[in-house]
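Each chain is listed here by its residues.
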Amino acid sequence: MASVSLKNICKKYQGNVLAVSDFNLEIKDKEFIILVGPSGCGKSTTLRMIAGLEEISDGELYIGDKLVNDVAPKDRDIAMVFQNYALYPHMTVFENMAFGLKLRKTPKDEIKRRVEEAARVLDISHLLDRKPKALSGGQRQRVALGRAIVREPKVFLLDEPLSNLDAKLRAQMRTELSKLHKRIGTTFIYVTHDQTEAMTMGDRIVVMKDGLIQQVDTPTKLYDKPANKFVAGFIGSPQMNFIEGMLLREGEDIFFEFGTEDTKTRKGVKYKIKLPADKNYKNRLDPYIEDEKPVIAGIRPEHVLDNDEFVKAHPETAVDAHVDVAEMMGAETYLYMTCEGYVINARVEPKTMTRAGDDITIAFRSEFMHFFDAETEKTIVN
């Protein structure tokens, strides 16, 4: 087993195109770490550099204690599972899983032992004599995993391995992969653009944008304490709501105001949301109040309520909204609304009577509001 260390890793393509910039990450032995971000953010390029399929332009890559920048992929003791499975159609499942071991001239008895053990772990023992065309998508994915497992590598690299599966099977395979990681106790580095996969599977998540790491943390901390507006918006579904406005102090109280007709004079302010006293943690909001600097407020859909009792009890956080769409999801309902030109999403009780086309009053749970610098988009306070 092995740790993986990336120190100041960069990847430049022809024309000085920077795909990955100053990537620093320490991955512990047996950790399940996930690289997540939108298409083109550099996550697959980073994985391919770890695999040795892409040359590193700058920086140092260690697997265990060994510098592997110039080590061939076959000598890195890693195994990679691709999005398209890459199975040989003319070979049986057994032959596909055994192929890499045969190339390494592993004894036949050892090949048989490893393949049968991997097949048992993945529950595909009954498929060993079949060809890939006779398998479902989920079964092919397990064969691809099995081919990697039999290698007994120090590090598993998985590049969007579930993206070709349907939603139900994807959810099932997420569980299977998590169980597999615990069972074989190997370092997993997993790439996905799906934040649901990232949140449900990873010990830690690396959020990337434009070739740069935005934040590395546990799923809970990423969700509750995002480092900037991008991370806050990327993690969570439906995504966090954002409203630009100003902060002001009246006596001992601090308010967030928005819906202003004239931002300079603040005439015609539509809404003032009262904030809890502890929201001004370490007086971080003070400079924005004193210098009248704009901020972006963020609030997650589950903290936007249409419950009449809550709204009446919290008039200091209430706003009016028009419901554009109401999606009944079974266990909950999603409301997609507009308020002063801003899109507001809410995740509410399934028994709600709110329907598309309604004009309603909603209230924010202001203790859960996040604030970001309007210019840098960095977090001021969570």
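The structure presented is a predicted model; accordingly, all values stated were derived computationally and were not measured. (Residues numbered from 1 in each chain as written. Predicted model: local features only at pLDDT ≥ 70, side-chain atom pairs only at ≥ 80, totals over all residues. Heavy atoms only, no water.)

Caption draft 1: Molecular detail of the overall build of the protein. The number of helices and strands found in the protein is 10 helices and 21 strands. C-alpha extents for the protein along the principal axes are approximately 80 × 45 × 35 Å. Among the 382 residues that make up the protein, the fraction classed as buried is 49%. Contacts in the protein between residues far apart in sequence, at least 24 positions, make up 65% of those at least 6 positions apart. Carbon together with sulfur atoms contributes 47% to the accessible area of the protein, which is approximately 18800 Å² in total. With 55 positive and 59 negative side-chain charges, the protein shows a spacing of 9 Å between the two charge centroids. (Helix = DSSP H or I, 4+ residues; strand = E, 2+ residues; numbered from the N terminus. Buried < 20%, exposed > 50% of the residue type's maximum accessible area, 1.4 Å probe, protein only. Contact = heavy atoms within 4.5 Å. Areas by Shrake-Rupley, 256 points an atom, 1.4 Å probe, with all protein chains shown as cover. Lys, Arg positive; Asp, Glu negative; His and termini not counted. Charge placed at Lys NZ, Arg CZ, Asp CG, Glu CD.)

Caption draft 2: Local environment of the sheet that holds strand S20 (residues 370-373). The antiparallel open sheet is built from six strands, whose spatial order is S13-S12-S11-S14-S20-S21. Each edge of the open sheet carries a strand with a single partner, namely strand S13 (271-275) and strand S21 (379-381). The average angle at which neighbouring strand axes cross in this sheet is 40°, direction not considered. Sheet topology places strand S11 (residues 241-250) next to strand S12 (residues 253-258); five bridges connect them, and they run antiparallel. Bridge pairing in S12 links Leu248 to Phe255. (Pairing = 2+ DSSP bridges. Axes fitted to C-alpha atoms, helices over the stretch in contact; angles between N-to-C directions.)

Caption draft 3: Representation of the pairing of strand S7 (residues 155-159) within the structure. With respect to burial, S7 is a largely interior element, five of its five residues being buried. Judged by which residues are buried, S7 turns out to be covered on both faces: Val155, Leu157 and Asp159 on one side and Phe156 and Leu158 on the other are all buried. Bridging between S7 and strand S8 (residues 187-192) involves five bridges; their strand directions are parallel. Directly across from Leu158, in S8, lies its bridge partner Tyr190. Tracing the backbone out of S7, into helix H5 (residues 167-184) and back to the parallel element S8 gives a crossover that is right-handed. (Right-handed = clockwise from strand over helix to strand, strands pointing away.)

Caption draft 4: Broad picture of the pattern of salt bridges. For the coordinates displayed, the defined rule picks out 20 salt bridges. Of the charged contacts in the structure, one is a salt bridge between Arg113 and Glu110, with a shortest N-O distance of 2.8 Å. A residue pair is termed a helical-turn pair when its members lie 3 or 4 positions apart in one helix, as Arg113 and Glu110 do in helix H3 (residues 108-122) at three residues. We classify Glu110 as partly exposed; its relative accessible area is 23%. For the salt bridge of Glu367 with Arg365, the shortest nitrogen-to-oxygen distance reads 2.9 Å. (Salt bridge = Lys/Arg side-chain N within 4 Å of Asp/Glu carboxyl O.)

Caption draft 5: Geometry of unusual backbone geometry. Look at the link from Ser237 to Pro238: it is a cis peptide, with omega at -5°. As for its position among the elements, Pro238 is in the loop between helix H8 (229-234) and S11. The phi torsion at Asn16 lies on the positive side, around 60°, for a residue other than glycine. With respect to the helices and strands, the residue Asn16 is situated in the loop between strand S1 (4-13) and strand S2 (17-27). Since its relative accessible area comes to 58%, Asn16 is described here as exposed. Unusually for a residue other than glycine, Glu160 sits at a positive phi of about 45°. Positionally, Glu160 belongs in the loop between S7 and H5.

Caption draft 6: Inspection of the environment of Gln214 at higher detail. Relative to the elements of secondary structure, Gln214 occurs in strand S10 (residues 212-217). On the basis of relative accessibility, which here comes to 21%, the residue Gln214 falls in the partly exposed class. The spacing of Gln214 and Asp306 is 92 residues in sequence and 33 Å in space, taken between C-alpha atoms. The residues contacting Gln214, other than those within four sequence positions of it, are Val207, Met208, Lys209, Ala227, Asn228, Phe230 and Val231. Here Asn228 takes part through its side chain, which lies 3.1 Å from a polar atom of the side chain of Gln214. (Polar contact = N/O pair within 3.5 Å; in protein donor to acceptor, adjacent residues only side chain to side chain.)

Caption draft 7: Structural view of the sheet that holds S8. Spatially, six strands are ordered S6-S7-S8-S3-S9-S10 in an open sheet, and the strand pairing comes out mixed. At either margin of the open sheet sits one strand with a lone partner, and together these are strand S6 (78-81) and S10. Looking at each pair of strands side by side, their axes are set apart by 15° on average, direction ignored. Running over the sheet, helix H4 (residues 137-149) touches S6 and S7 and is turned about 170° from S6.

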